[in-house]
Amino acid sequence: MEAVVPQEITNELTQILANLVLGDNKIRSNAEKVVNDRLAQTPDLYLLALAQFAVAADTEVMRSFSLVLLRRLLFRSPPQQHHKDSRLTLYDHMSTQALTTLERLLLHSLSHEPSDSVRRKTVDTVCDLANNAMSRGRPWHALQAQAFSMTQVAETGFRECAFRVFSGSPNLVMDLQTEAVLSVFQKGLQDAHSVDVRLAALRASVSYLTASDIHQLSQSLSLLYPMLDTLPSLPNLHLKTFLSSLTSLCSSRPQLFAPHLPALLSFLRALIMPTADPGPTPTVAKPFPATSRSFSFPPEQTQGDEENSETAEDEDKEQVRRAALELMVSLSEARPSMVRGIEGWTPAIVRACLEGMAELPENGLEVWLETDPCDDAIDENYPYVYDQALDRLASALGGKEILPPAFQHIPSMLANYDWRQRHAGLMAIAAIAEGTSKIMQIELGKVVDLVIPMFKDGHPRVRYAACQCLGQLCTDLEEVIQEKHHQQLFAALIPTLEASEHRVHAHAAAALINFCEGVEHDTLVPYLDLIVERLLRMLNANSEQGKQEKRYCQEQAITSLAMVADASETTFAKHYASIMPLLLNVLRNANSADHQKLRLKAMECAGLIAVAVGRDIFRPDSRTLIDALINIQNSPVEPSDTMLATYLIATWAKLCQALGPEFEPYLPSSAKADVSIYEDDNDGNHEREGWETISMDGQIVGIRTSTIDEKCQAFDTLVIYCSVLGGRFGPYLSQSLELTLPALQFYFHEGVREASCRLIPLLFSCGKHSGTLTPQMVQASLHQIIRCLRTETDPSFVASLYRSIIDSLLVVGMGALMPELGEGLIDATKAQLTAFADKRKKRNGRAASEIAEEREDLALLEEMEDFALEDMEKLLRLLDPQHPLLIAVASVRDLGLNQWETEDDDCER
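Everything quoted here is computed from the prediction, not taken from an experiment.

(A) How the structure looks around the overall build of the protein chain. The helix and strand inventory of the protein chain stands at 44 helices and 3 strands. Relative to its 909 residues, the protein chain shows a buried fraction of 50%. A fraction of 73% describes how many contacts in the protein chain between residues 6 or more apart in sequence connect residues 24 or more apart. Taken as a whole, the protein chain presents about 42,700 Å² of accessible surface, with 51% of it coming from carbon and sulfur.

Below, the structure written as structure tokens:
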């Protein structure tokens, strides 16, 4: 093919690419600078040179590298591009002639590249180019024609790449006759010579069906038959990939599988069940081995080769099993009502999950007992995929569908002689608890009766699973199980806190946290002494037996003590003197890297205990604890101690709650690590080490944290400071408002926005009582809230914005709502009413079957909208008890589907 760039450009690019692939960082860095320089000056020339190099380079490595580099460069911003043009890419700066030449070079590579691996790189680049070009209104008809032509050639590698193109860029065929497309895809699916071609055709079919509209789908139903027919004849090595390729279609177009579900169940059921136990010896496993010649030389295969082959075969079977299970679970999640009607579908998946959950390594108990749970390599062998699949299935199908087949097997599993079966039975109850909670409540007593005896099991891993199961039940059936069965639960948990195995008694302490989160104060108090006594024993470095307690047990004991204190409130005061000195000792002395987590847990526990016992009891130790926090805060931070800022912020907030107005002198210290804001310094360098940054309303907001969650926690802390200290927080009013108003549009975390809504009226109250609130602050704040309200689409946050306005006006008075702000508020309210009405009308126009399928999601959405309408109504009545928009609010509310409450609640599963 003739050259499209001068030879000197080709020579220079050859040297640049050679330098880019070198291991020397300095040489590679210089080459990158040269690339950026050339792209800034003559992008067309060097992009075309790259494409030409992809065709003409001597080695496969360089042709592949040039294609990868071309793909990365085409749709990135040019070097030194002006900020206003940030959406334009190098591709957008290329001339029409250059684009035509680029397309011609890539088509040549696609049709003439001899190496399969390089040609696949060409496909990736071609698909990226086609998709981006079509999104810019530039169709690529030549690629469409060439891809269809390549499906007919004799070489399998070219046929495969043709279907790869259709898979990567389905829009190439969306405007063609459906019958013609289906004919080509069906031929590829039935390719007798190459499994790779069949796989590429399957993926192309999936992409096509996913991208099709309703009309095209109705004409393409027949394509499912050849797609599914690719599966039965495949060996395990390929079957796992085919199944995984189909799974995405299960989620995007589940209705296509409806006619095929009985056949799919028949085929997949055999795949998701484990191979039967062959017995204890090879002879029992294979009593009649295949016989061949009694002697041959040289031997055809060594024993080691056979073992490796069997291992690889077993791994392939397991991968197929998991892929088949994922397909069935994905279909169940995408269209629950569809699979509920298929007899045997749910029992097959449940049985497969239960079998899979019992496939734990039989040996290794000693290692498991001695290993820190955070570093447990054996735990990596736990079959999480089956546990998670059962959890997902229960959440999708509900209790009425899941509980009968599950409890057909679980009781016998719990009575099985094999500890792995008993372990799996307990973990299965934990896995299905959340999704089946409403139905499980009815038979909760029977479930508890099954679980409690397992706390006395002879195997420590079974007792560990019993703790896990009970903890999960306490979370998923919160308050119900604590209220009805607390005696049984405490009778099992409290003795287990003294189990001889570290991992078991630490997990019992962890389960206690789940229990305390939903327990009533009066229910917990009778057991408080027993619990604290055992947790203190666990916290003590030297146990009664003289053995060193594991550090993770001490960390867990501190965390559990914190939750017990939080739940028992002032009653915990009797144990204060036994615990607080220990915590202060940890905070003063646990300074090594090995004790980071222990120090954080002690910090958290001290704060919660301070809140629980109240300021009178805590006051004598408050200064000591605060000095310890200040010392920690001012000390050099280990790079590995990534959670320190989070725990510091939370503990300062707890101390503020505990001390109330007495906390005021410590505000400067506590605010040091919370949240800061800085103006854009216009130097273009918005990256500051240790800061999270985002541009909001012309400012760069920086959070001196490593995660956005810490930003949310910092705002929650400001809410606490403001609400507890009231007018004493006045000196920080202006700075806090500067932080809070932009955060209303912090779309990366809803918690930040919600906290900002709550904070504004609190800041108004604080400023009003301290005399630091100005009319300008009020006007700016109301303006920002109304501005957000005008464009907000989340009904939950719309309600929060209205509540923020109501609470703010109740603080500062209705006179603060200036006429222009009032007009803006009414305009925003009209916009929200129109949006809610349009959404509800659209919902009402959907087919009844679609509404029934998404019943719970739609019910939750309309409930959130109703909350927003309720708060909108409150605000309008505050403005004018006879406001004309009140009629509109009632009308929009009446547009709701209003069919979520049913007596039988059948889909309640």
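Next comes the rest of the description.
(B) Broad picture of the packing of aromatic side chains. Using the criterion set out here, one finds 14 aromatic pairs in the structure. One Lys or Arg, arginine 119, reaches over the ring of phenylalanine 158 and ends 3.9 Å from the middle of that ring. Seen from the ring of phenylalanine 797, arginine 753 lies directly overhead, with NZ or CZ sitting 3.9 Å from the centre.

(C) How the structure looks around helix α34 (residues 644-659). The first and last C-alpha atoms of α34 sit 22 Å apart over 16 residues, in line with the 22 Å expected at 1.5 Å per residue. Burial within α34 is extensive, with 13 of its 16 residues counted as buried. Looking at the residues trailing α34, positive phi occurs at glycine 660, about 65 degrees.

(D) Just the side chain of histidine 575, in detail. Note on placement: histidine 575 falls in the loop between α30 (551-568) and α31 (576-589). Non-local contacts of histidine 575, meaning those with residues more than four positions away in its chain, are made with Leu528, Asp529 and Val532.

(E) Expanded view of the environment of leucine 450. Topologically, leucine 450 is positioned in helix α24 (residues 444-451). Taking the C-alpha atoms as reference points, leucine 450 and leucine 426, separated by 24 residues in sequence, lie 9.0 Å from one another. For leucine 450, the contacting residues outside a window of four places in its chain are Phe407, Pro411 and Leu414.

(F) Here's a closer look at the environment of cysteine 722. Relative to the helices and strands, cysteine 722 is located in helix α36 (residues 708-725). Taking the C-alpha atoms as reference points, cysteine 722 and leucine 763, separated by 41 residues in sequence, lie 6.5 Å from one another. The contacts of cysteine 722, once residues within four sequence positions are left out, are Phe729, Leu759, Leu762, Leu763 and Cys766.

(G) View of the confidence of the model for the protein chain. Summarising the model, the protein chain shows a mean pLDDT of 85, and 88% of its residues fall at 70 or more. Predicted confidence is poor over residues 673-706, with pLDDT under 50, and the contacts of this stretch with residues over four places away or in other chains come to 72 contacts. Across residues 899-909 the pLDDT falls below 50, and counting only partners more than four positions away or on other chains, this stretch makes 26 contacts in the model.

(H) Structural detail: the packing of helix α22 (residues 419-433) against helix α25 (residues 460-476). Where α22 meets α25, the axes come as close as 8 Å, and the angle between the chain directions of the two elements is 10 degrees. In terms of axis orientation, α22 runs roughly parallel to α25. Along its contact with α22, which presents Trp419, Arg422, His423, Leu426, Met427, Ile429, Ala430 and Ala433, the element α25 presents Arg461, Val462, Ala465, Ala466, Gln468, Cys469, Gln472, Leu473 and Asp476. Taken together, the residues of the contact of α22 with α25 break down into 11 nonpolar, 3 polar and 3 charged.

The rules behind the values
Residues numbered from 1 in each chain as written. Predicted model: local features only at pLDDT ≥ 70, side-chain atom pairs only at ≥ 80, totals over all residues. Heavy atoms only, no water. Helix = DSSP H or I, 4+ residues; strand = E, 2+ residues; numbered from the N terminus. Buried < 20%, exposed > 50% of the residue type's maximum accessible area, 1.4 Å probe, protein only. Contact = heavy atoms within 4.5 Å. Areas by Shrake-Rupley, 256 points an atom, 1.4 Å probe, with all protein chains shown as cover. Phe/Tyr/Trp six-rings, centres within 6.5 Å; stacked < 30°, edge-to-face > 60°. Lys NZ or Arg CZ within 6 Å of the ring centre and 35° of its normal. Expected span 1.5 Å × (residues − 1). pLDDT = per-residue confidence, 0-100. Axes fitted to C-alpha atoms, helices over the stretch in contact; angles between N-to-C directions. Parallel < 35°, antiparallel > 145°, perpendicular 65-115°, else oblique. Nonpolar A, V, L, I, M, F, W, Y, C, P; charged D, E, K, R; others polar.

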